[in-house]
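# Structural overview for review
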Amino acid sequence: MIQFLFKGIIRDKNRSVLPVIVISIGVFLTVLFSAWFKGIFSDMINVNANFSTGHVKIMTRAYADNADQMPNDLALLGAGELIDSLNTAFPTLEWVERTNFGGLIDIADANGDTRAQGMAMGQAIDFLTPGTREPERMNIPASIVKGGLPTQAGEALISNDFAERFHVKIGDPVTLFGSTMNGGMAFANFTVAGTVRFGMRALDRGAILIDITDAQAALDMADAAGEILGFFKDGQYDAEQALQVKTAFNAKYEADTDEFAPLMLRLNDQKGLDEYLKMANYISGIMTFIFILAMSIVLWNTGLLGGLRRYNEFGIRLAMGEEKKHIYRSLIIESILIGTIGSVVGTLLGLVAAFYLQEYGINFGSAIQGGGMMMPEVFRADISPESFYIGFIPGLLSMVLGNALSGIGIYKRRTAVLFKELSV
Amino acid sequence: MESIIQIDQLTKRFPVGAGEFTALKDIRLEFQKGEFTGFVGPSGSGKTTLLNIIGSLDTPTEGEVTVLGQSIAHLTHKQSAKLRNQHLGFIFQTYNLFPVYTVYENVEFALLLQHMPAAERHKAVLDALEWVGLTDKIKSRPDQLSGGEGQRVAIARAMVKRPAIMLADEPTANLDSKNSHHILQTMVRLNQELKTTFLFATHDEKVMGYLRRIISLEDGRVVKDEALAPQGQAGA
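Residues numbered from 1 in each chain as written. Chains lettered and ligands numbered in written order. Predicted model: local features only at pLDDT ≥ 70, side-chain atom pairs only at ≥ 80, totals over all residues. Heavy atoms only, no water.

### Digging into the overall build of chain A
What counts, and what does not: In DSSP terms, a helix is any run of H or I states spanning at least four residues, a strand is any run of E spanning at least two, and both are numbered starting from the N terminus. The buried label goes to any residue with under 20% of its type's maximum accessible area, the exposed label to any with over 50%, and the partly exposed label to all in between, with areas taken from a 1.4 Å probe on protein chains only. What makes two residues a contact is simply this: any of their non-hydrogen atoms within 4.5 Å. Surface accessibility in these figures is a Shrake-Rupley result with a 1.4 Å probe; residues are shielded only by whichever protein chains are displayed.
Check the secondary structure of chain A and you find 15 helices and 14 strands. The proportion of buried residues among the 424 residues of chain A is 52%. Counting only contacts in chain A whose residues sit at least 6 apart along the sequence, the fraction spanning at least 24 positions is 76%. Accessible area of chain A: about 19500 Å², with a carbon and sulfur share of 60%.

Right, dumping it as structure tokens:
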């Protein structure tokens, strides 16, 4: 009997090909968009991670308590040795030094006198070590407006708005005035290698990016760093794994009461990002739910129409002595079969498309005005374990529910009434 | 003679809006095994309703209908399905074949419901198709058949399980004269050789020519019940 019914499904394109196509399209869109929604939120989290928090971050306890003030007098000492030990203990992460600072940028005229001055936020990262991934991580190459990356000590990037406001050209000298980690006055000359757009008003008004070694020299921070950031080498933040790393690291210093003892925080633990992550997951969940609901209604309707279209066939089968529950069961089995095939096809297609978007993304650069380091121009999908099953909710469940609902008509109506409706 | 259907004081009413429509009123009939009988009358006289109740597709509002010893009013859905599956065959005006299945498969379906073993089923299907003269069309689909061929497949599908009673609702309504006679002769042959009881709902003069008993219905009542010598058989 099953074989007989299967023949019918295969031969009747309205029962097989058409529903499979509709379900595949619905599931394809569900998988693709859910992965893309997730990717967009992941991108926003990654921007935060790459620019500021890392996937995990190590500071001194005292620095962590006042992190907003960028208190370099509380910076980590012996940063090189600490990174070596981190590379050994946690090889799945890449560890980098970062130092944030504030200061004044002075622009001199031809005579060496001050022509203009502006407040600037500063960040020191590793520009010069061969093979460094820091510039790419912070999306700097794509954010450069003029010039290029620093290629040697003493070069700096400044914000493009700042450069335009004070007519600073590539190759011009600028002087950074700040304070050393010991509280003394610091000043150092830099050559402008390029200008960048941050995509964030405060930073675009005045900011300077220099190599970490230059910062250590200028701010008297030999072998010191304000922060050490850890990034998972696959680039994807894993909250659970980060928690394990954090717990293992902090356990080593649990007995140490020194306020300069290192402390590791996860991305979630910083700047209210835990709330943001929850909110992002919540919003992503709502968007996915709405999409699944819409697709479910469409596919439900497909199942419903498929069932209603076959009332005539059911009437004949009833007349020939087939039991209602047998007809109902065969209808459900068919819908499971069609729903499964459509869901598998749709999920595969959705995953292929999502994988493409995960690798290459869609560049909205022309549509996003003022995009830069803080605002990704390329939006990518993020394939997660749920991408593999989420399409089955509208694909299989809705199809079966649709058919089940239409099939209830078989039970609700008395045989003769159904028979009459069928005009048999 | 063996009585196989007894109808006693059958009344059937259908709800219409706030009121009711009486389709059959106080019907009393009895049918013997091997009858070739027709219900005749104008549209709305209750022919199809009566056929549906005998076929356990519907139930009486009042009265008693007993088919092959089973009271239609008291059958569960499962029991009525079993009665139709094992003892009743239906032939419809519009053939109602499954369009995606071949002639062979359409006929085979009735036996699949009876869980008949494959070899036995194969033989029974070929026998049935031979009966109706369609062995050369076993792989054809319904849309490749003429109207007469389609109705012959429907007959083969109904008779393949050797039912005791065949219920035919306007079986010739969509056929031309030649095909109508061909179909009716096939039915007569089944009736005579297999002793299958045939009950028709019809207002086709050609069908009436083959009947051995005509029951006239009007406004849900039996107005005439006459036994007669069939003309069509002799003339055909």
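### Digging into a negative patch on the surface
Residues and elements named next belong to chain A. Note the threshold: What goes into a patch is any residue over 30% in relative accessible area without a salt bridge, connected to like charges within 9 Å or, for nonpolar side chains (Val, Leu, Ile, Met, Phe, Trp, Tyr), within 5 Å. We define a salt bridge as a side-chain nitrogen of Lys or Arg found within 4 Å of a carboxyl oxygen belonging to Asp or Glu. The charged-residue count follows a simple rule in which Lys and Arg add positive charge and Asp and Glu add negative charge, with His and chain termini not counted at all. In this description, the location of a charge corresponds to atom NZ of lysine, CZ of arginine, CG of aspartate or CD of glutamate.
Taken together, the side chains of Asp 65, Asp 256, Asp 258 and Glu 259 make up a negatively charged region of the molecular surface. Relative to the helices and strands, Asp 256 is located in the loop between α10 (239-252) and β12 (262-266). Judged by its relative accessible area of 31%, Asp 256 is partly exposed.

### Brief notes about the sheet that holds strand β3 (residues 36-40) of chain B
Residues and elements named next belong to chain B. For the record, the criterion: Two strands make a pair as long as DSSP finds a minimum of two bridges between them. As a rule, the C-alpha atoms of each element are fitted with a line to give its axis, helices using only the stretch in contact, and angles between N-to-C directions run from 0 to 180 degrees.
The six strands are arranged β6-β7-β8-β3-β9-β10 in an open sheet whose pairing can be described as mixed. Since the sheet does not close on itself, it has two edges, and those belong to β6 (88-91) and β10 (221-227), each with one partner. Each strand axis lies, on average, 15° off the axis of its neighbour in the sheet, ignoring direction.

### Re the nonpolar core
Buried together is how nonpolar side chains tend to be arranged in soluble globular proteins. Residue and element names in this part refer to chain B. Let me state the cut-off plainly: To define a nonpolar core, start from buried Ala, Val, Leu, Ile, Met, Phe, Trp, Tyr and Cys residues and group those joined through side-chain atoms within 4.5 Å.
One finds Ile 155, Met 187 and Phe 200 to be the most contacted residues of the largest nonpolar core, which totals 50 residues. Among the elements that take part in this core, helix α3 (residues 103-112) stands out by supplying seven residues, more than any other. Core analysis: the second largest hydrophobic core is formed by 29 residues, Leu 51, Ile 53, Ile 72 and Leu 167 among them.

### Brief notes about the interface of chain B and chain A
Put simply, the rule is: Once two parts are put together, the accessible area they lose, assessed with a 1.4 Å probe and summed over both, is termed the buried area. Whenever a nitrogen or oxygen atom comes within 3.5 Å of another N or O atom, the pair is scored as a polar contact, on the condition that within protein one atom can donate a hydrogen and the other can accept it, and that pairs from neighbouring residues in sequence are kept only if both atoms are in side chains. Residue classes follow a fixed rule: Ala, Val, Leu, Ile, Met, Phe, Trp, Tyr, Cys and Pro count as nonpolar, while Asp, Glu, Lys and Arg count as charged, and any other residue, Gly among them, counts as polar.
With 27 residues of chain B at the interface, the matching set in chain A holds 26 residues. For the pair chain B and chain A, the summed buried surface comes to about 2400 Å²; carbon and sulfur atoms form 63% of the total. The interface formed by chain B and chain A holds two salt bridges in total. Inspection of the region where chain B meets chain A yields eight residue pairs in polar contact (both at pLDDT 80 or more). Of all the secondary-structure elements, those providing two or more residues to the side of chain B that touches chain A are β1 (3-16), α2 (77-87) and α3 of chain B. Of the residues in the side of chain B that touches chain A, the class split is 12 nonpolar, six polar and nine charged.

### A closer look at the packing of aromatic side chains
Definition in use: Aromatic rings from Phe, Tyr and Trp, with only the six-membered ring used for Trp, were paired whenever their centres fell within 6.5 Å, and each pair was classed as stacked if the ring planes differed by under 30 degrees, edge-to-face if by over 60, and tilted otherwise. Should the NZ of a Lys or the CZ of an Arg lie within 6 Å of a ring centre and within 35 degrees of the ring normal, that charge is described as sitting over the ring.
Tallied over the entire structure, the rule returns 16 aromatic pairs over all chains. Taking 5.1 Å as the distance between ring centres and 65° as the angle between the ring planes, the aromatic pair formed by Phe36(B) and Phe200(B) counts as edge-to-face. Of this pair, Phe36(B) sits in strand β3 while Phe200(B) sits in strand β8 (residues 197-202), and the two are 164 residues apart along the sequence. No difference in accessibility class separates Phe36(B) from Phe200(B), as the two residues are buried. Measuring from centroid to centroid gives 6.1 Å for Phe98(B) and Tyr101(B), while their planes differ by 75°, and the two rings are edge-to-face. Of the two residues examined, Phe98(B) and Tyr101(B), each falls in the buried class. Taken together, the ring pairs connect Phe4(A), Phe98(B), Tyr101(B) and Phe109(B) into an aromatic cluster. In this structure, Arg137(A) is placed above the aromatic ring of Phe231(A), and the distance from its NZ or CZ to the ring centre is 4.0 Å.

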